[in-house]
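# Observations on the three-dimensional arrangement
The primary structure of each chain is shown beneath.
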Amino acid sequence: ALRAELAAADAVVFCTPEYAGTLPGSLKNLLDWTVGNGDLHGKPAAWINVAADPRRGGGATETLALVLGYVDAVVIEAACLRIPVSQDIIGPDGVVADAAARDRLAAVLRTVAAYPV
């Protein structure tokens, strides 16, 4: 199912927590499974780092950048942003309630959508 979703996608946007200074093992494992089949080869990709604490998140995005380079994804640098989202701006429905953060998230998605495929 994942391979079908990746094949159908024009681009992939990652947003992941940092776990012990790097990507969570489950996401790294998922990405490792894409290596053999070239599922991300040439696929435009970006990431959003939402860690509210400025000391967090960098390890995950650095590892993600390394892996995406290894699988030959096309990283959309202009869409790879740090947009701090603290728990106090998350509404009871789980949606980001802060207008400025929502605008920045939407701008990332517009950048990805405008990327030539």
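Parameters and conventions
Residues numbered from 1 in each chain as written. Predicted model: local features only at pLDDT ≥ 70, side-chain atom pairs only at ≥ 80, totals over all residues. Heavy atoms only, no water. Helix = DSSP H or I, 4+ residues; strand = E, 2+ residues; numbered from the N terminus. Rg over C-alpha atoms; globule rule 2.2 N^0.38 Å. Buried < 20%, exposed > 50% of the residue type's maximum accessible area, 1.4 Å probe, protein only. Contact = heavy atoms within 4.5 Å. Lys, Arg positive; Asp, Glu negative; His and termini not counted. Charge placed at Lys NZ, Arg CZ, Asp CG, Glu CD. Polar contact = N/O pair within 3.5 Å; in protein donor to acceptor, adjacent residues only side chain to side chain. pLDDT = per-residue confidence, 0-100. Salt bridge = Lys/Arg side-chain N within 4 Å of Asp/Glu carboxyl O.

Further remarks concern the overall build of the protein chain. Looking only at helices and strands, the protein chain has four helices and four strands in total. Ordering the α and β elements of the protein chain from the N terminus gives α-β-α-β-α-β-β-α. What you see for the protein chain is a C-alpha radius of gyration of 14 Å, in line with the 13 Å of a compact globule of 117 residues. Seen along its three principal axes, the alpha-carbon backbone of the protein chain occupies a region of about 40 × 35 × 25 Å. The burial tally for the protein chain puts 35% of its 117 residues in the buried class. Taking the contacts inside the protein chain whose residues are at least 6 apart along the sequence as the reference set, 73% of them involve residues at least 24 apart. Counting 9 positive and 13 negative side-chain charges, the protein chain places the averaged centre of each group 2 Å from the other.

Take unusual backbone geometry next. Non-glycine residue Ala-20 carries a positive phi angle of around 55°. Considering the arrangement of structural elements, one finds Ala-20 in the loop between β1 (12–14) and α2 (25–33). The exposed category is assigned to Ala-20, whose relative accessible area is 76%. Unusually for a residue other than glycine, Asp-72 sits at a positive phi of about 65°. Tracing the backbone shows Asp-72 in the loop between α3 (58–70) and β3 (74–75). Using a relative accessible area of 39% as the deciding quantity, one classes Asp-72 as partly exposed.

By the element assignment, His-41 lies in the loop between α2 and β2 (44–49). Using a relative accessible area of 52% as the deciding quantity, one classes His-41 as exposed. Taking the C-alpha atoms as reference, His-41 lies 23 Å from Gly-59; in sequence the two are 18 residues apart. Sequence-distant contacts of His-41, defined by excluding residues within four places in its chain, comprise Val-71 and Asp-72. A polar contact of 3.0 Å, which involves the side chain of His-41, links it to the side chain of Asp-72.

Summing up the model confidence of the protein chain, the mean pLDDT is 90 and the portion of residues at 70 or higher is 100%. Within the protein chain, β3 carries the highest mean pLDDT (96), whereas strand β4 (residues 81–82) carries the lowest (88).

With that out of the way, let us pick up the pattern of salt bridges. Scanning all chains against the criterion turns up two salt bridges. Residue Arg-3 is joined to Asp-39 by a salt bridge in which the shortest nitrogen-to-oxygen separation is 2.7 Å. Here Asp-39 lies in the loop between α2 and β2 and Arg-3 lies in helix α1 (residues 2–8), a separation of 36 residues in the sequence. For Asp-39, a relative accessible area of 16% puts it in the buried group. A salt bridge links Lys-28 to Asp-32, with the nearest nitrogen and oxygen atoms 2.6 Å apart. Taken together, the residues span about one helical turn, with Lys-28 and Asp-32 both in helix α2 at a distance of four residues.

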